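Summary of the model geometry
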Amino acid sequence: MKQLVNTFLAILIVAFGLMFLASRLNSAQGYSGGNTLTIYNWGDYIDPDLLKQFQEETGITVIYQTFDSNEAMLTKVEQGGTVFDVVVPSDYAIAKMREEKLLLPLDHSKLPNLANIGSKFMNLSFDPGNKYSVPYFWGTVGIIFNPEMTKGMDFSSWNSLWDKRLNNNIFLVDGAREVMGMALNSLHYSVNDRNEEHLQEALAKLNKLSPNVKAIVGDEIKMLLANEEAAVGIVWSGDASEIMDENDKLDYVVPEEGSNIWFDNMVIPRGAANIEGAHQFINFMLRPDVAAQNTEYVGYSTPNVPGLKLLPEDISGDERFYPPAEITGRLEVYDNLGKRMLAHYNELFLMFKMNKK
Amino acid sequence: MKNRRRVKNKNGIANIYLVLVFLVLYAPIFYLMYYSFNSGGTMHKFEGFTLDYYREVVADTRLMIIVINTLVIALLSSTIATIIAVIGALAIHHVRSRRAKNTLLSLNNVLIVSPDVIIGASFLILFTIVGIKLGFTSVLLSHVAFSIPIAVIMILPHLQEMSPTLTDAARDLGATRRDVLTKVILPIIKPGIFSGFFMALTYSLDDFAVTFFVTGNGYSTLSVEIYSRARQGVSLSINALSTLIFLFTILLVIGYYYLNQRKSRPAVQIAEPVAEAGVPR
């Protein structure tokens, strides 16, 4: 009995000691001060130096939290219980959050730097008039390939993926909209097609792709492609730039039939505690020098026009990530298809996955 | 002679099998530890020895706070859970009706096997309805909750092995209820209490699914943090951190072994023959 009590007392003392240590570290970091701003962003999606810089310029302490998918972020914001001041969801998630009234309207008078955003990135279908959201990064879905392993094959069309030479040599990203969209695009349909016949056609076409598909994977696709586990992958452009950083043999292309263009945007969710600070932060991120520094760190495409001009030519002139107008014209944003249609997309994608041997 | 050889041979195969199993279990961990010293920065090629990633881990205050949070939650939640589980196990043990006892046990077991994701989501909904702010309290409460059934399962067999004659004898010799509990029952089930505590500790240390739902307001634990970092490819500082935590758990296991070996020897010696006699076969 005595030993039991002593042991557990010792454990409690250690625990409280650690707690004290944590609170000391917290206050040393200024996390427990009054003027704080909580930012909820994708993992590793900002240059940490910029957070420090913002802190120095405004005196606002930043609490930074990360998520790994729009769905996870949505669950947290929907349920409440935590306070977030700035969140960075993707386009379709914004449409959904807007519908569910989870967003606060932005005060444009506090965001003078919004003028830096290129006009083609403003006023998009998921948020007309940018009432709730401000673009953060954008990109495309395309094909990343290893020229050494594909020997002169040309990937300027989605249909090249069906080539017999690619047997068991393609990684697909595990996203229903991405894979279905790719199949629809290859048939010259829209990525937002709701026509049942077209969708079935896309599924049939996907099933024909099965022998070429090595695996359908999540974020580990980057590591697998960089390690040359397969010659070809369907990925987002942001991932592609990271993979190419790791392994410079690879190349990325946006097929000419068109593809998806996606946006990650900054929003202020309902329940935000520091709305003034949130505006300050958004405006800070829109500054050309900040946007340029962040773009260099993250490697995704920036919508900030003067910011892009500050970047070296090999980034801003890279047509793979800043495609010319004739390709951007064919890129489509994912519409919010509604619950039922989205479930149908997921179901078709699942059928394809089950079919794959 | 022939017979003996066969026995030896059989043992040989068993040993090889055992070695293989341990290789499979430990190889990934040692692989990860090996690359935590790689100056090349990737997990493909070992270029040279460096301690940079360990320095990075120690210098990253946010990560250190998260590590401490994780440890505090693990220690506190498993302590609280063990105390509640002792009371719970005693209560279940004292239930007379066989049916009621089995029902209680099954309910306990259902909580162990039910998917973490569901438990986590339910906690999230519960906490937001009740109005508990997500953070330290919510994480602690949910860890206590999912640790209790595990600790109960570890403690209960020791109670069942305990001979009822022991408590009767203690009563006859004039022990009060309190004395029976603190001087007879608790010392006998002590090994169970400790194994329950350590099981709860490891569960709490590595739980991701439940914790993911109930963290918030800048409060995070290691599993959640590593998961969101993994999106950009796990950096080698995570390898370094994992190595440190692996060493820490090894220390815990050694500590547990030491506790069981040295201090509880007299109790075990008394308890075991009795327990053997008391177990119905």
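Residues numbered from 1 in each chain as written. Chains lettered and ligands numbered in written order. Predicted model: local features only at pLDDT ≥ 70, side-chain atom pairs only at ≥ 80, totals over all residues. Heavy atoms only, no water.

1. Re the packing of helix 6 (residues 176-186) of chain A against helix 15 (residues 339-355) of chain A
Residues and elements named next belong to chain A. Orientation of helix 6 relative to helix 15, taken along the N-to-C sense of each, is 80°, at an axis distance of 9 Å. Relative to helix 15, helix 6 is oriented roughly perpendicular. Listed contacts from helix 15 to A176, R177, V179, M180 and L184 of helix 6 are L342, Y345, N346, L348, F349 and F352. A per-class count over the contact of helix 6 with helix 15 returns nine nonpolar, one polar and one charged. (Axes fitted to C-alpha atoms, helices over the stretch in contact; angles between N-to-C directions. Helix = DSSP H or I, 4+ residues; strand = E, 2+ residues; numbered from the N terminus. Parallel < 35°, antiparallel > 145°, perpendicular 65-115°, else oblique. Contact = heavy atoms within 4.5 Å. Nonpolar A, V, L, I, M, F, W, Y, C, P; charged D, E, K, R; others polar.)

2. Considerations on unusual backbone geometry
Excluding glycine, most residues fall at negative phi; most peptide bonds, likewise, are trans. Residues and elements named next belong to chain A. One non-glycine residue, N123, lies in positive phi territory at about 55°. Within the fold, N123 resides in the loop between helix 4 (91-99) and strand 4 (133-145). With a phi angle near 50°, N130 is a residue other than glycine that sits in the positive phi range. Structurally, the position occupied by N130 is in the loop between helix 4 and strand 4. The exposure class of N130 is buried, given its relative accessible area of 4%. (Buried < 20%, exposed > 50% of the residue type's maximum accessible area, 1.4 Å probe, protein only.)

3. What about the interface of chain B and chain A?
On the side of chain A, 41 residues touch chain B, which itself brings 41 residues to the contact. When the two sides are added together, the surface that chain B and chain A hide from each other amounts to roughly 3700 Å², 67% of it contributed by carbon and sulfur. Remark: the boundary between chain B and chain A carries zero salt bridges. At the junction of chain B with chain A, the criterion picks out two residue pairs in polar contact (both at pLDDT 80 or more). Residue assignment for the side of chain B that touches chain A shows that the elements contributing at least two residues are helix 3 (61-94), helix 5 (116-130), helix 8 (177-206), helix 9 (209-214), helix 10 (222-230) and helix 11 (236-263) of chain B. Considering every element that reaches the side of chain B that touches chain A, the biggest residue donor is helix 3 of chain B, with 12 residues. Along the lines of polarity and charge, the residues of the side of chain B that touches chain A split into 21 nonpolar, 14 polar and six charged. (Buried area = accessible area lost by both parts, 1.4 Å probe. Salt bridge = Lys/Arg side-chain N within 4 Å of Asp/Glu carboxyl O. Polar contact = N/O pair within 3.5 Å; in protein donor to acceptor, adjacent residues only side chain to side chain.)

4. Re empty space enclosed by the protein
Empty space among the atoms can be located by rolling a probe the size of a water molecule over them. Enumeration according to the criterion identifies five cavities of 30 Å³ or more in this entry. Approximately 140 Å³ is the volume found for the largest cavity. Lining the largest cavity are 16 residues, and of these Q65 and T66 of chain A together with S220, V224 and S228 of chain B sit closest to its centre. Elements represented by at least two residues in the lining of the largest cavity include exactly strand 2 (61-67) of chain A together with helix 10 of chain B. When residues in the lining of the largest cavity are grouped by element, the largest group, four residues, is from helix 10 of chain B. Tallied by class, the residues present in the lining of the largest cavity amount to six nonpolar, six polar and four charged. The space that makes up the second largest cavity amounts to roughly 80 Å³. If you go around the second largest cavity, you meet 13 residues; those closest to its centre are P135, Y136, M285, A291 and T302 of chain A. (1 Å grid on protein atoms, 1.4 Å probe; cavity = no way out; pocket = protein on both sides within 12 Å on 5 of 7 lines; lining within 4 Å. Points joined across faces, edges and corners; volume = space filled by probe spheres on them.)

5. Here's the deal with the packing of aromatic side chains
All names here are of chain A. Scanning the model with the defined rule gives 33 aromatic pairs over all chains in all. Ring centres of W42 and F67 lie 5.0 Å apart, and the angle between their planes is 55°; this geometry places the pair in the tilted category. Of this pair, W42 sits in strand 1 (residues 36-42) while F67 is found in strand 2, placing the two residues 25 residues apart along the sequence. Each ring, one from Y45 and one from Y300, has its centre 5.2 Å from the other, and the planes form 70°; the classification is edge-to-face. Remark: Y300 occurs in the loop between helix 11 (288-298) and helix 12 (305-310) and Y45 occurs in the loop between strand 1 and helix 2 (48-58); sequence separation between them is 255 residues. We note that Y45, like Y300, is buried. Three or more aromatic residues joined by ring pairs form one cluster here, namely Y45, Y136, F137, W262 and Y300. Its guanidinium or amino end placed over the ring of Y345, R177 lies 5.3 Å from that ring's centre, counting from NZ or CZ. (Phe/Tyr/Trp six-rings, centres within 6.5 Å; stacked < 30°, edge-to-face > 60°. Lys NZ or Arg CZ within 6 Å of the ring centre and 35° of its normal.)

6. Considerations on the nonpolar core
Most often, soluble globular proteins have nonpolar side chains that are buried together. Within the largest apolar cluster, 116 residues are counted, with the highest numbers of intra-cluster contacts made by L161 and M182 of chain A. Per element, the largest residue contribution to this core is eight residues, and it comes from strand 4 of chain A. Here M182 of chain A is in contact with W158, L161, W162, L172, L206, L209 and I234 of chain A, once residues within four sequence places are set aside. Core analysis: the second largest hydrophobic core is formed by 66 residues, A72 of chain A together with V57, V144 and L236 of chain B among them. (Core = buried A, V, L, I, M, F, W, Y, C linked by side-chain atoms within 4.5 Å.)

7. Quick look at helix 5 of chain B
If you check helix 5 of chain B, its first and last C-alpha atoms are 21 Å apart, about what 15 residues at 1.5 Å a residue would give, namely 21 Å. Of the positions making up helix 5 of chain B, those classed as buried are I119, G120, F123, L124 and F127 of chain B. Taken end-on, helix 5 of chain B shows its buried residues confined to a sector of 140°, consistent with a single buried face. For helix 5 of chain B, exposure combined with an orientation more than 90 degrees from the buried face picks out I118 and I129 of chain B. Buried-residue contacts for helix 5 of chain B involve helix 3 (70-79) of chain A together with helix 4 (98-113), helix 6 (136-161) and helix 9 of chain B. (Expected span 1.5 Å × (residues − 1). Arc of directions from axis to C-beta.)

The values are spatial; any link to function lies outside them.
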